[in-house]
Amino acid sequence: ILNVEQSPQSLHVQEGDSTNFTCSFPSSNFYALHWYRWETAKSPEALFVMTLNGDEKKKGRISATLNTKEGYSYLYIKGSQPEDSATYLCASGGNSGYALNFGKGTSLLVTP
Amino acid sequence: NAGVMQNPRHLVRRRGQEARLRCSPMKGHSHVYWYRQLPEEGLKFMVYLQKENIIDESGMPKERFSAEFPKEGPSILRIQQVVRGDSAAYFCASCPLAGGPRNEQFFGPGTRLTVL
């Protein structure tokens with residue numbers, strides 16, 4: 001994998017459903033994996049920065065896991081709420097520069 | 001504590017004109033990143049600056065684009081002789097620590113450049 005890939009591209013769930021989406025990234029020269037939440041008309045907001053294989057992080061109903069050996073991360077949302085509607089971006093950074101490489105995002109819509 | 005500020009939020013230029021985009025980092029942050037989002041694309045890294053220094057410009061187009069972050073004042077992304085393909089949203093992000101992919105970045109709201 002040369003680029004950061006996110007799937008699905010978009011997702012529509014009902015309030016109360018739990019959901020998850022995937023980020024795939026280059027596993028060679030891996031240094032860090034970021035998840036951002038981006039609401040329409042606002043700035044992307046950092047959710048997690050993860051560095052270690054097997055890392056799991058949690059913030060409220062949102063959690064993320066990291067597998068650096070196979071190059072993927074999952075983001076989970078438990079009991080989705082309408083206010084969770086946003087685009088979720090992941091980005092990976094390598095150990096040879098300062099750039100973060102972003103995926104195109106997963107657009108989540110939660111309806112009541 | 002004010003967040004990252006960008007201005008203008010919207011900028012319209014005709015082909016051949018210059019565009020200047022400004023980014024004021026969060027208070028206490030001395031490191032700035034610029035990203036570009038073309039239509040239907042993800043955020044693409046352009047340049048990373050510390051005050052008075054360009055650290056990594058590996059994502060900057062070779063011509064017409066330049067960036068600076070002076071000792072005083074905002075960071076400026078300058079695009080000379082704009083073309084229609086420069087139409088995009090330009091985001092800056094700041095962080096308080098010496099730059100590296102392990103540091104959380106704080107994003108501004110972006111400047112949407114339209115070239116007529």
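Everything in this summary refers to the structure shown in the same document. (Residues numbered from 1 in each chain as written. Chains lettered and ligands numbered in written order. Predicted model: local features only at pLDDT ≥ 70, side-chain atom pairs only at ≥ 80, totals over all residues. Heavy atoms only, no water.)

1. Thoughts on the sheet that holds strand β7 (residues 65–68) of chain B
Residues and elements named next belong to chain B.
- Pairing within the open sheet is antiparallel, and its four strands lie in the order β1-β3-β8-β7. Whereas interior strands pair on both sides, the edge strands pair on one side only; in this sheet they are β1 (5–7) and β7. Averaged over all neighbouring strand pairs, the angle between strand axes comes to 15 degrees, with direction disregarded.
- The sheet contact formed by β7 and strand β8 (residues 75–79) spans four bridges and is antiparallel. Opposite Phe 65, over in β8, you have Ile 79 as the bridge partner. (Pairing = 2+ DSSP bridges. Helix = DSSP H or I, 4+ residues; strand = E, 2+ residues; numbered from the N terminus. Axes fitted to C-alpha atoms, helices over the stretch in contact; angles between N-to-C directions.)

2. Quick notes on the pairing of strand β5 (residues 43–50) of chain B
Residue and element names in this part refer to chain B.
- Counting buried positions over the eight residues of β5 gives six, a clear majority of the element.
- Where strand β4 (residues 31–37) meets β5, seven bridges bridge the pair, whose relative direction is antiparallel. Counted as the bridge partner of Tyr 35 is Phe 45 from β5.
- Counted between consecutive antiparallel strands, the loop separating β4 from β5 contains five residues, among which Glu 40 sits at a positive phi close to 65 degrees.
- The hairpin formed by β5 and strand β6 (residues 53–56) contains two residues between the paired strands, and Glu 52 there has a positive phi angle of roughly 70 degrees. (Buried < 20%, exposed > 50% of the residue type's maximum accessible area, 1.4 Å probe, protein only.)

3. With respect to the pattern of salt bridges
Residues and elements named next belong to chain A.
- For the coordinates displayed, the defined rule picks out six salt bridges over all chains.
- Across the pair Glu 39 and Lys 42 runs a salt bridge, and its minimum N-O distance is 3.8 Å.
- Judged by its relative accessible area of 24%, Glu 39 falls in the partly exposed class.
- With a shortest N-O distance of 2.8 Å, Arg 61 and Asp 84 are connected by a salt bridge. Placement of the pair is Arg 61 in the loop between β6 (56–59) and β7 (62–67) and Asp 84 in the loop between β8 (72–77) and β9 (86–94), with a sequence separation of 23 residues.
- Since its relative accessible area comes to 32%, Arg 61 is described here as partly exposed. (Salt bridge = Lys/Arg side-chain N within 4 Å of Asp/Glu carboxyl O.)

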